[in-house]
Structure formats: structure tokens, C-alpha cells
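# Coordinate inspection notes
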Amino acid sequence: MASNENNTQSNINELSPHSGTRYWGEVEVIEEGETYRISRLEIKPRHGIKPQIHYHRNEHWVVVSGVAKVTCGDTEILLNRNESTYVPAATLHKVENPGQIPLVILEIQNGEYLGEDDTERPYDLNLVKPVAEGE
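To keep things clear, this report deals only with the structure shown in the data block. Nothing here was measured: the structure is a model prediction, and the numbers come from that model.

What follows deals with the overall build of the protein. For the protein, the count of helices and strands is three helices and eleven strands. Starting at the N terminus and walking to the C terminus, you meet the elements of the protein as α-α-β-β-β-β-β-β-β-β-β-β-β-α. With 135 residues in all, the protein has 33% of them scored as buried. Summed over its atoms, the accessible surface of the protein is roughly 8300 Å², and 50% of this surface lies on carbon and sulfur atoms.

What follows is the structure in C-alpha cells.
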């Protein structure tokens, strides 16, 4: 029975609808439970995840390689390898890769609800106006 559990865990990225290719890079779910999800994010150079808000989960991000430009609320920071940040629920946040090499982040989501319908993107809601290229 233990081998069956290990087999399920080792194949979690194939089973999770949250794994896959995105416009900004790749997501691989490493492990998930009812109230948490651990993912490996690889963000391509000069790409990033659009600003978003989650109301029912918090996130911890740990930089494994590269440099992360993180905006959380009104605060913007640069994180290097082995540095981390906390994103509280109901906080507008985004992460970008300003560098020339892929940015690898371990993301730990924790909350009572992890569904994708708990993600709001302010650009979609017209809460944030996009900046024109070159400004």
C-alpha cells in the first residue's frame, strides 16, 4: 500500500489541473492537500504573473534560483536565491523575472479554499490600468 501512496505523490503533477505551461513559464504541483498546495514555478526571463488577489488563501514564495521582483500591496522588493516573502490573503500581488535566467520559485499556498475561482485579476476587473509600453 505504501508504494501506491508514493506512486500517487510522484505523479501529482500529472494529476493536478494546476500544473502546466503558462504564457510566463511553467507550474508543477509538487504536493497538494485539502488546505494547501506546494508548487514549483519557473518564470521565463522578462516575464511575470499578472497582478492578482486571493481572498481565501495566503502564499509563501521561496526563490530557488534567479531574482524575483515581487509587488505585494504597495511594497515592491527584489528577492534573491534563498530569500522568501509572505503574501497575505486579500492582498494584490504579482511576481516578475527581471533577469536573464529563468526564475524558479517554490510557492506554498495555504487556506480554507484553493479554487481558481478565488483568483481575481484587477486588469480583468478594470481596477488597474495597464501602463503603455515604453512608459
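Once that is clear, we can look at the side chain of H54. Within the secondary structure, H54 is located in strand β4 (residues 48-54). A polar side-chain atom of H54 sits 3.5 Å from a polar atom in the side chain of H93. In this view, H54 contacts E59, A89, A90, H93, D118 and T119; residues no more than four positions away in its chain are not counted.

What follows is about the pattern of salt bridges. Within the structure shown, the criterion is met by five salt bridges. For R57, the salt bridge is made with E59, and the minimal N-O distance between the two is 3.8 Å. Here the two residues R57 and E59 agree in accessibility, since each one is buried. Across the pair E76 and K69 runs a salt bridge whose closest N-O atoms are separated by 4.0 Å.

Turning next to the packing of aromatic side chains. Scanning the entire structure with this criterion turns up zero aromatic pairs. For the cation-ring pair, K50 lies above Y23, with the distance from its terminal atom to the ring centre recorded as 5.5 Å.

Right, let's talk about the sheet that holds strand β6 (residues 68-72) for a bit. With respect to topology, five strands assemble into an open sheet ordered β7-β6-β9-β4-β11, the strand pairing being antiparallel. Since the sheet does not close on itself, it has two edges, and those belong to β7 (75-79) and β11 (119-120), each with one partner.

In this section: the nonpolar core. With 15 residues, the main nonpolar core has I43, A68, V95, L103 and I105 as its most contacted residues. Secondary structure elements with two or more residues in this core: β3 (36-43), β5 (57-65), β6 and β10 (103-111). The greatest single-element share of this core, amounting to three residues, is contributed by β6. What V95 contacts, discounting residues up to four positions off in sequence, is I43, G48, I49, W61, A68, K69, V70, L103 and I105.

On to the environment of P98, then. Looking at where P98 falls in the secondary structure, it is placed in the loop between β9 (93-96) and β10. Residue classification places P98 among the partly exposed positions, given a relative accessible area of 28%. C-alpha of P98 to C-alpha of K44: the two residues are 54 residues apart in sequence and 9.3 Å apart in space. Other than its neighbours up to four places away in sequence, P98 contacts R46, V67, K69 and L78.

The topology assignment puts I49 in strand β4. On a C-alpha basis, the gap between I49 and Y23 in space is 8.8 Å, while along the polypeptide they are 26 residues apart. What I49 contacts, discounting residues up to four positions off in sequence, is Y23, W24, L41, I43, K94 and V95.

β6 sits mainly inside the fold: four of its five residues count as buried. The pairing of β6 with β7 spans five bridges and is antiparallel. When the bridges of β7 are listed, A68 appears paired with L79. Between β6 and β7, which pair antiparallel one after the other, the connecting turn spans two residues, and G73 there sits at a positive phi close to 65 degrees.

Scoring rules and cut-offs
- Residues numbered from 1 in each chain as written.
- Predicted model: local features only at pLDDT ≥ 70, side-chain atom pairs only at ≥ 80, totals over all residues.
- Heavy atoms only, no water.
- Helix = DSSP H or I, 4+ residues; strand = E, 2+ residues; numbered from the N terminus.
- Buried < 20%, exposed > 50% of the residue type's maximum accessible area, 1.4 Å probe, protein only.
- Areas by Shrake-Rupley, 256 points an atom, 1.4 Å probe, with all protein chains shown as cover.
- Polar contact = N/O pair within 3.5 Å; in protein donor to acceptor, adjacent residues only side chain to side chain.
- Contact = heavy atoms within 4.5 Å.
- Salt bridge = Lys/Arg side-chain N within 4 Å of Asp/Glu carboxyl O.
- Phe/Tyr/Trp six-rings, centres within 6.5 Å; stacked < 30°, edge-to-face > 60°.
- Lys NZ or Arg CZ within 6 Å of the ring centre and 35° of its normal.
- Pairing = 2+ DSSP bridges.
- Core = buried A, V, L, I, M, F, W, Y, C linked by side-chain atoms within 4.5 Å.

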